[in-house]
Structures are given as C-alpha cells and as structure tokens.
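Topology and contacts: notes
Letter by letter, the chains look like this.
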Amino acid sequence: MEQIFSFHVTPPDPDRLCSQVTRALEQRTEVLSREKCPRLWALADRFNHQEKAPLPVRRRRRRQRTVLSLICWLLSLVLLVPGLMDPRQLLIPLLAGGITLTMGTIVLWACRPALLGTLSLLSGILLCLGAWGDPSVMGSVLWLGIVQAAVGAAALMTCRKKKPSPYEREAARLLRDRAAATNLQAVCVSFSDAGMSITAESMDTAHQIPFEDISLLLETEDLLVVIISDTATILQKADLFTGTLPQLRELLRQHTQYVYVMEEPEEIPA
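First, a word on what this report is: a plain description of the structure on this page. (Residues numbered from 1 in each chain as written. Predicted model: local features only at pLDDT ≥ 70, side-chain atom pairs only at ≥ 80, totals over all residues. Heavy atoms only, no water.)

1. Here we look at the side chain of serine 76
Here serine 76 is to be found in helix H3 (residues 55-85). Take serine 76: its relative accessible area is 0%, and that puts it in the buried class. Setting aside its immediate chain neighbours within four residues, serine 76 contacts Gly97, Thr100 and Leu101. (Helix = DSSP H or I, 4+ residues; strand = E, 2+ residues; numbered from the N terminus. Buried < 20%, exposed > 50% of the residue type's maximum accessible area, 1.4 Å probe, protein only. Contact = heavy atoms within 4.5 Å.)

Spelled out as structure tokens, the structure:
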C-alpha cells in the first residue's frame, strides 16, 4: 500500500526561521555551483580541508590571545609615552613600545575589535587632551593620540552590525510572504511515490509535481525546503501529520537530491 506523507501548512515564525532559510538558500547556490564547476570546488575543498580544534580548546586559546595581546597593548603605552617625550635617551623603549603596540593591536582587532576600539579611542582622547593641555611636556605624544583615536574609531566601525546578505534578505521576504498569506491552513502538501501534490479548498483538483521537477530538497533543524526550478517551498517539520519524518526522508532520498544543511558552528578562530 502506498504511503502518503502530508503537511498542514501553517504560518512560519520569520524571526526564528530566517537563519535556517538563509542557510538553505546558500546551500542551494553551492550545490548548483558544484555541479557547474566541479574541478574548481575540488581544488577549493582540498585547500579548505583542515581539522579544527574542539570548541572548548578554541575558546581557551581565544581567551589566552586576548589576555596576552591586552598586556602587550597596555605595556606599549607605558613604553611609548616616555619614549616619545625623550626619544634620544629612551630609544630602545620607544622601539619596543612600537612593536608591542602593533602586535597587540593586530591580535585584538582579530579577537576583540570592540574592546580594542574602546580602549584605543579613550587612550587617544586622553593623549590628545594631555598634549593640548601641556604642549611643552606632552606635545610629542599628540600624533600617538591621533593615531590611537583613529584606530579606535575604525575598530568600532567594523563592529557595527553587518548588512544582511542577499540570502538573508530573500529568506526574510519568503517568510514574510508566507506568514502574511491567508487561508494557509486550508493548504495541504503531500509526498508519495508519485511525487509532490498540493491541495487547497479553492482548488478543484490537486496540483501534482513529479519528482523529476524537484531539483533539490534541503532539510534544516525545523524545515524542509523544496526547490522547484527557481521557486522555494518551505515546509515546517512540525506540520507533518501523516507518516514519520525518518520514513519521509527515506522516500525523498530515493527520488530527489536530498541535502541536510548543518547548523553553522560558532565562529571562533582556531
């Protein structure tokens, strides 16, 4: 007996599901690109194949780098300020301060740009105020204050919220349109050996879509995203009311290109 797997379509939660739809759209683009340029992707995979340390290890390393770079950054100011005030007598501390400032700034920019921006901006303002208040003694540190303030402003600007990618915008649009649609609960999407069918109260007959027309099917934590030509149909796993998800996976893998989109791990430098 043929088994049918049916979904009652319900309005999605755009805020909760936007990241999952975004990853599904990105994966679709990658799959199409891999089909068109297999040799280029094989070369890219070879370069990108690198085992990462476990997440706790990467977190510990990041904390260690942050602490060490912060010490270097603070030490650099202790060396640079007197070195700039008397460069002839304190040339070695001046050079050492420049090296430690550069090292601390580079590492903090990579690990903690917000912290670097705040500290650099504050130190730059204080140094400029000191040079302005007593130019005869502190005038030589004016340029250091200007550089620090500029670095701080630049670091803080890079911390601003990034603009949404085209995938994020498209995912948000798809979910908004689906959430705003009326009579969604009257729509039923089913899968069987014959393919995918869509029925609704306003339709006299079911709209049948054979598996040959489904170019790709993507699964995320909560969704199934069906790609038909350039159209994405979003189904929530919680809406499945006949059959089980493992059985549905087995059916779809037999008839379509089925890809599970993994949840993105936390981005922490190795």
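2. Remarks on the sheet that holds strand S1 (residues 5-8)
One open sheet accounts for five strands, arranged S4-S3-S2-S1-S8; its pairing is antiparallel. Because the sheet does not close on itself, it has two edges, and the strands there are strand S4 (207-209) and strand S8 (240-242). Adjacent strand axes in the sheet meet at a mean angle of 25° when their direction is disregarded. (Pairing = 2+ DSSP bridges. Axes fitted to C-alpha atoms, helices over the stretch in contact; angles between N-to-C directions.)

3. Focus on the packing of helix H4 (residues 91-111) against helix H7 (residues 142-158)
Interhelical geometry of H4 versus H7 gives an angle of 15° and a closest axis separation of 12 Å. Taken together, the axes of H4 and H7 lie roughly parallel to each other. Along this stretch, H4 crosses H7, giving a crossing that reads as right-handed. Of H7, the residues touching H4 (which contributes Leu101, Thr105 and Trp109) are Leu144, Gln148, Val151, Ala154, Ala155 and Thr158. A breakdown of the residues in the contact of H4 with H7 according to their chemical character gives six nonpolar, three polar and no charged. (Parallel < 35°, antiparallel > 145°, perpendicular 65-115°, else oblique. Left-handed = near helix turned anticlockwise from the far one by under 90°. Nonpolar A, V, L, I, M, F, W, Y, C, P; charged D, E, K, R; others polar.)

4. What to know about the nonpolar core
Core analysis: the largest hydrophobic core is formed by 23 residues, its most contacted members being Phe191, Met196, Val226, Leu235 and Leu248. Those elements that provide at least two residues to this core are S1, strand S2 (188-192), strand S5 (214-219), strand S6 (223-228) and helix H9 (245-255). Ignoring anything within four residues of it in the chain, the contact list for valine 226 reads Phe191, Met196, Ile214, Leu216, Leu217, Thr231, Ala232, Thr233 and Leu235. The next biggest cluster of nonpolar side chains, apart from the first, holds 19 residues, and it includes Cys18, Leu25, Ala172 and Val259. (Core = buried A, V, L, I, M, F, W, Y, C linked by side-chain atoms within 4.5 Å.)

5. Remarks on empty space enclosed by the protein
In total, this model carries one cavity of 30 Å³ or more according to the counting rule given. Forming the boundary of the largest cavity are Phe7, His8, Val9, Thr10, Arg178, Ile234, Leu235, Gln236 and Asp239. The set of elements that each furnish at least two residues to the lining of the largest cavity consists of S1 and strand S7 (231-236). Broken down by element, the lining of the largest cavity gets its largest block of residues, three residues, from S7. Residues that form the lining of the largest cavity fall into these classes: four nonpolar, three polar and two charged. (1 Å grid on protein atoms, 1.4 Å probe; cavity = no way out; pocket = protein on both sides within 12 Å on 5 of 7 lines; lining within 4 Å. Points joined across faces, edges and corners; volume = space filled by probe spheres on them.)

6. Looking at the environment of alanine 131
Residue placement: alanine 131 occurs in helix H5 (residues 113-133). Residues alanine 131 and tryptophan 143, spaced 12 residues apart in sequence, show a C-alpha to C-alpha distance of 9.3 Å. With residues up to four places along the chain from it excluded, the contact list for alanine 131 reads Met138, Gly139, Val141 and Leu142.

7. Considerations on the pairing of S2
Buried residues dominate S2, accounting for five of its five residues. The alternating pattern of S2 places Cys188, Ser190 and Ser192 on one face and Val189 and Phe191 on the opposite face, and all of these are buried. Pairing analysis gives four bridges linking S1 to S2, with the strands arranged antiparallel. Following the sheet pairing, phenylalanine 7 is matched in S2 by valine 189. The antiparallel pairing of S2 with strand S3 (residues 195-199) creates a hairpin that spans two residues between the two strands.

8. Regarding a nonpolar patch on the surface
Where nonpolar side chains cluster on the molecular surface, the patch consists of Ile125, Leu126, Leu129 and Trp132 and spans about 510 Å² of accessible area. The residue leucine 129 is located in helix H5 in this model. (Patch = residues over 30% accessible without salt bridge, like charges linked within 9 Å, V, L, I, M, F, W, Y side chains within 5 Å. Areas by Shrake-Rupley, 256 points an atom, 1.4 Å probe, with all protein chains shown as cover. Salt bridge = Lys/Arg side-chain N within 4 Å of Asp/Glu carboxyl O.)

9. Re the packing of H5 against H7
In a pair of packed helices, the angle between the axes and the distance between the axes together describe the arrangement. Running from amino to carboxyl end, H5 crosses H7 at an angle of 155°, the nearest separation of the two axes being 7 Å. When the axis of H5 is compared with that of H7, the two are roughly antiparallel. Judged by the twist between their axes, the crossing of H5 over H7 is left-handed. Seen from H5, the contacting residues are Pro113, Ala114, Leu116, Gly117, Thr118, Ser120, Leu121, Ser123, Gly124, Leu127, Cys128 and Ala131; seen from H7, they are Leu142, Leu144, Gly145, Ile146, Gln148, Ala149, Val151, Gly152, Ala153, Ala155, Leu156 and Thr158. A breakdown of the residues in the contact of H5 with H7 according to their chemical character gives 15 nonpolar, nine polar and no charged.

10. Topic: the side chain of threonine 256
Position of threonine 256 relative to the elements: it lies in the loop between H9 and strand S9 (258-260). For threonine 256, a relative accessible area of 10% puts it in the buried group. Of note is the side chain of threonine 256, whose polar atom sits 2.7 Å from the backbone oxygen of leucine 252. Every residue in contact with threonine 256, bar those within four places of it in the chain, is listed here: Phe211, Ile214 and Leu217. (Polar contact = N/O pair within 3.5 Å; in protein donor to acceptor, adjacent residues only side chain to side chain.)

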